[in-house]
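# Understanding the architecture of this molecule
One-letter residues, chain by chain:
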Amino acid sequence: MYALNYVRPGSLAEAAKLLAAHPEAKLLGGGMTLVPTLKQRLAKPSHLVDITQLPELHGIRAAKGRLEIGAATKHHDVATSSMVRRAVPALAYLAGLIGDPQVRNLGTLGGSVANNDPAADYPAAVLGLAATIVTNKREIAADDYFQGLFATALEEGEIIVRVVFPVPKRAAYAKFPHPASGYAMAGVFVARTGEGMRVAVTGAGPGVFRWREAEAALAKSLRPAALEGVALDAAELNEDIHASREYRANLVRVMAKRALGKLSGRK
Amino acid sequence: MARVTLTVNGVKHTKTVEDRTLLVNFLRDELGLTGTHIGCDTSQCGCCTVHVNGRAVKSCSVLAVQVNGAEIVTIEGMAKKGKLHPIQRAFSECHGLQCGFCTPGMIMATAGLLRDRPNPTEEEIIHGLEGNLCRCTGYINIVKAVKMSAKLLRGRRHG
Ligand SMILES: Cc1cc2nc3c(=O)[nH]c(=O)nc-3n(C[C@H](O)[C@H](O)[C@H](O)COP(=O)(O)OP(=O)(O)OC[C@H]3O[C@@H](n4cnc5c(N)ncnc54)[C@H](O)[C@@H]3O)c2cc1C
Ligand code: FES
Ligand code: FES
C-alpha cells in the first residue's frame, strides 16, 4: 500500500469539503473492496476519508411504504434488522448472502452501491425495487444510477447518504454464488410493486440490468413456467473462465424461476 | 503518522504508526501478538480473524487507525488463567486441526458464529465459516469441533 493520510470527518459537510480540497482523496466505507485494492497498489489516494461514523449515514427507518437505510449500515445489520425483515424480507436475506461473516461485519450498503461490482448483490435489490439513491447533492433513481461495469451516476466528490426502498407487495432474491468467491454468477431479484413486476439481474452481465422481456411475461402470469422461452440475449452476457454466455443465460432463467417460486410462497 | 490506541485482550496500548498500517501488522509487529496469522493477505482465508468491538473481522483488510479506540480480542485473549477456552478445548479434542495454521482464525470465527447462533445447525456452521479456509483437515472435524464448542458453551452458560 502506498503511504496515505487517514481522516475521519465529523460531519457530512466536512467530508465533502475534504474531498473538494484533495482531488486525490477517496471515501472509505467498510474498506472490504478498497483496502484490498490499496494493498495491491491499484489505487494511490492521497487521503482516505472515513465516513462510516457520520451520524447522517446511519439508521434504518420504515414509514409510509418506504424503507430507508443509511449508507454506512453494515451488511450484517441489514441482514439481522427486524425492521428490514418485516418490510422487505428479501433484502435482509440478500444481505446475509454477501461474502462471509467477516465481510458482512465491515462492508456497507453505500460502499457496495458506489462500487457497483458487476457481480455484487445489492445492485440487484436497488434496481429490482426501484430504490432511490440519496446523496449529499441530489436523489437518483436506480434506473438512472447504474451505468454498467463499475460505472454509476455518481459525480466526483458525491457521497451516498442513504438508499430509500419503496416497500413492494412481495419480493424475492435467488443467487447462484461462485463457489470460491461467493459473488453472484447470476443473481435475480424479482419484485411485485404497485407499478408492476420488476426483474433485476446481477452477476451475469457487465452490470446489473432489468430483464424487461421477463417483466412483460410476468405481467400475464406469475408462474415460473411463464419464463420458459422468454428472450434473453446471451450475446450481452459475460463470458470468462467460470462460465460461458449460454451457461450464464441458463443460470439467469433458473434463478429467476427460483425467485418466482419463493415469491408465491411466504413473503 | 497516526496515534492509535487499542484495548487488546483487556490491555490498553497506544502506538504511533503509519496511517497505512494494517491491524494485523499492528498486532503482530507492534504488540508481538503473532497468534494472529497472515495466510492469503487478500481477504480470502480468514487466518487473520480477530474481534473488533465483539464482531469478527479480517485484520489483514482493516487499517489499525480505522478501528482506533476499539476493543480487540485475539487468539491470545481466549485462554484464561492458563485454562483453554471451551472452543480451544473442542478443537483439540475433536482434532479440528492438523498443521494449525488456520486454527486461530477458525477459533475466532467460531466464537463470532456462536455469539450470533448459540445452537447452530450443521448448515449454519458451514455458512458461518465461509470466510475461513483450511488446507489440511477437509473441514469435517472442524464442524465437529464447532458443534462441541456450542455444547460446552451452552453448558457453561446454564451452569
Ligand atoms: C472476501 C470477500 C467476499 C465478498 N463477497 C461479496 C458478495 O458475495 N457479494 C457482494 O455484493 N459483495 C461482496 N464483497 C464486497 C463487499 O460487499 C464490500 O463490502 C462492498 O463491495 C464495498 O463496501 P465497503 O463498505 O467495504 O466499501 P469500501 O471498500 O470502503 O469502498 C468501495 C468504494 O465505494 C466508495 N464509497 C464507499 N462508501 C461510499 C459512499 N457512502 N458514497 C460514495 N462512495 C462510497 C469508496 O470510495 C470506494 O471507491 C466481498 C468482499 C470480500 C472481501
Ligand atoms: S490473511 Fe487475512 S484473510 Fe487471509
Ligand atoms: S489445519 Fe492446516 S490449514 Fe487448517
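Anything mentioned here points back to the structure above.
A short tour of the structure in this document, coming up. (Residues numbered from 1 in each chain as written. Chains lettered and ligands numbered in written order. Predicted model: local features only at pLDDT ≥ 70, side-chain atom pairs only at ≥ 80, totals over all residues. Heavy atoms only, no water.)

It is worth spelling out the interface of chain A and chain B at this point. Facing 28 residues of chain A, the contacting portion of chain B comprises 27 residues. Approximately 2,000 Å² of surface area, both sides summed, lies buried where chain A meets chain B, with 54% of it carried by carbon and sulfur atoms. Across the salt bridge formed by Asp41 of chain B and Lys39 of chain A, the nearest N and O atoms sit 2.8 Å from each other. Tallied by class, the residues present in the side of chain A that touches chain B amount to 13 nonpolar, nine polar and six charged. (Contact = heavy atoms within 4.5 Å. Buried area = accessible area lost by both parts, 1.4 Å probe. Salt bridge = Lys/Arg side-chain N within 4 Å of Asp/Glu carboxyl O. Nonpolar A, V, L, I, M, F, W, Y, C, P; charged D, E, K, R; others polar.)

To continue, consider the pattern of salt bridges. Residues and elements named next belong to chain A. Following the criterion strictly, the structure yields 19 salt bridges over all chains and no others. Between Glu68 and Arg162 there is a salt bridge; the shortest N-O distance is 3.3 Å. Placement of Glu68 in strand E5 (residues 66-70) and of Arg162 in strand E8 (residues 160-166) is noted, with a sequence separation of 94 residues between them. In this structure, Asp121 engages Lys175 in a salt bridge whose closest nitrogen and oxygen atoms are separated by 2.9 Å. Of the two residues, Asp121 is situated in the loop between helix H7 (109-115) and helix H8 (122-128) and Lys175 in strand E9 (residues 170-177); the sequence distance between them amounts to 54 residues. For Asp121, a relative accessible area of 4% corresponds to the buried category. Using a relative accessible area of 12% as the deciding quantity, one classes Lys175 as buried. (Helix = DSSP H or I, 4+ residues; strand = E, 2+ residues; numbered from the N terminus. Buried < 20%, exposed > 50% of the residue type's maximum accessible area, 1.4 Å probe, protein only.)

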